[in-house]
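In case you want the letters, here they are:
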Amino acid sequence: MKISTRGRYALRFMIDLAQHNQDSFIPLKDISERQAISIKYLEQITSLLSKYGLLKSVRGPQGGYKLAREANNYTVGEILRITEGDLAPVTCLEADAINCERRPFCSTIKLWEGLQKTINNYLDNITLDQLIVEPESLDYSI
């Protein structure tokens, strides 16, 4: 599993919104400049995140984006699953995978299931708020 640019940029975008969280909407141009990400790329990301209800948006001169919830109510896992799709380390564990005929006698399936569980548990226990307030305290041990 490799996190794409879209997933990494989506996290940077969401962190930026959380860091600049106020009552007003933040223009995409401001985030684009701060994060050095093109507006076109951010538009693709915001479209996807908005579709899943992670953002509030307003069009027009005073328009922009803001988080739909508090930063501590977003997990890295949630954001990455929206932007990356399934985080399964091998295709046979993906949600829409066709049952593998080798699964009953596969000697590595438990390895991959354990890795998937570890990845999901780790990413689902890190919030945007933690990435902003206490990034040094993240526990990287497994």
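Worth saying up front: this structure is predicted, and the values here are computed from it rather than measured. (Residues numbered from 1 in each chain as written. Predicted model: local features only at pLDDT ≥ 70, side-chain atom pairs only at ≥ 80, totals over all residues. Heavy atoms only, no water.)

## Overview of helix H1 (residues 5-19)
Residue pairs three or four apart in sequence face the same way in an α-helix, which turns once every 3.6 residues. We apply this condition: Strands are runs of DSSP state E lasting at least 2 residues, helices are runs of H or I lasting at least 4, and numbering of each runs from the N terminus. One fewer than the residue count of a helix, multiplied by 1.5 Å, yields its expected span. Exposure classes here rest on a 1.4 Å probe applied to the protein chains alone. A residue is buried below 20% of its type maximum, exposed above 50%, and partly exposed in between. Here, residues are in contact when the closest pair of their heavy atoms is within 4.5 Å.
An ideal rise of 1.5 Å per residue puts 21 Å on 15 residues; H1 measures up with 21 Å between its terminal C-alpha atoms. Within H1, the full set of buried residues consists of Gly7, Tyr9, Ala10, Leu11, Phe13, Met14, Ile15, Asp16, Leu17 and Ala18. Of the surrounding elements, those touching the buried residues of H1 are helix H2 (28-35), helix H3 (39-51), strand S1 (55-58), strand S2 (64-67), helix H4 (76-84) and helix H6 (128-133).

## What about the environment of threonine 5?
Examined against the element boundaries, threonine 5 turns out to sit in helix H1. In this structure, the C-alpha to C-alpha distance between threonine 5 and threonine 75, residues 70 residues apart in sequence, is 18 Å.

## Notes on the layout of surface pockets
The test is simple: A cavity here means a set of points on a 1 Å grid, drawn over the protein atoms and nothing else, where a 1.4 Å probe fits but cannot get out; a pocket is an open set with protein on both sides within 12 Å along at least five of seven lines, and a residue lines either one if it has an atom within 4 Å of a point. Grid points are joined across faces, edges and corners, and a volume is the space filled by probe spheres set on the points. We call Asp, Glu, Lys and Arg charged. Ala, Val, Leu, Ile, Met, Phe, Trp, Tyr, Cys and Pro are nonpolar, and the rest, Gly among them, are polar.
Counted as a void, the largest pocket has a volume near 240 Å³. Considering the residues around the largest pocket, the lining is formed by Pro27, Leu28, Ser57, Val58, Arg59, Gly60, Pro61, Gly63, Gly64 and Tyr65. Of all the secondary structure elements, the ones that give two or more residues to the lining of the largest pocket are S1 and S2. Looking at the lining of the largest pocket, its residues break down into five nonpolar, four polar and one charged.

## Considerations on the packing of H1 against H2
Keep this limit in mind: Axis definition: a line fitted to C-alpha atoms, over the contacting stretch in the case of helices. Angles run 0 to 180 degrees between N-to-C directions. To sort the angles, those under 35 degrees are grouped as roughly parallel, those over 145 as roughly antiparallel, those from 65 to 115 as roughly perpendicular, and the leftovers as oblique. Should the near helix be turned anticlockwise from the far one by less than a right angle, the crossing is left-handed, and should it be turned clockwise, the crossing is right-handed.
Running from amino to carboxyl end, H1 crosses H2 at an angle of 115°, the nearest separation of the two axes being 10 Å. With respect to H2, the axis of H1 lies roughly perpendicular. Of the two elements, H1 crosses H2, and the hand of that crossing is right-handed. Facing H1, whose interface residues are Arg12, Phe13, Asp16 and Leu17, H2 presents Leu28, Ile31, Arg34 and Gln35. A class-by-class count of the residues in the contact of H1 with H2 yields four nonpolar, one polar and three charged.

## Notes on the packing of H1 against H4
With their axes 9 Å apart at the nearest point, H1 and H4 run at an angle of 135° to one another. The orientation of H1 with respect to H4, classified from their angle, is oblique. Between H1 and H4 lies a crossing of right-handed hand. Touching Arg6, Gly7, Ala10, Leu11 and Met14 of H1 are Val76, Ile79, Leu80, Thr83 and Glu84, all from H4. Of the residues assigned to the contact of H1 with H4, the class counts are six nonpolar, two polar and two charged.

## Remarks on unusual backbone geometry
The phi angle at alanine 36 is positive, at roughly 55°, despite the residue not being glycine. In this structure, alanine 36 sits in the loop between H2 and H3.

## Topic: the nonpolar core
Our working rule: By convention a nonpolar core is built from buried Ala, Val, Leu, Ile, Met, Phe, Trp, Tyr and Cys residues, the set being connected through side-chain atoms within 4.5 Å.
Counting residues in hydrophobic clusters, the biggest one holds 32 residues, and the most contacted among them are Phe13, Met14, Leu49 and Leu67. For this core, the secondary structure elements donating two or more residues are H1, H2, H3, S2, H4 and helix H5 (109-123). With eight residues, the single largest contributor to this core is H1. Dropping the residues within four chain positions of it, phenylalanine 13 is found in contact with Leu28, Ile31, Leu42, Thr46, Leu49, Leu55 and Tyr65.

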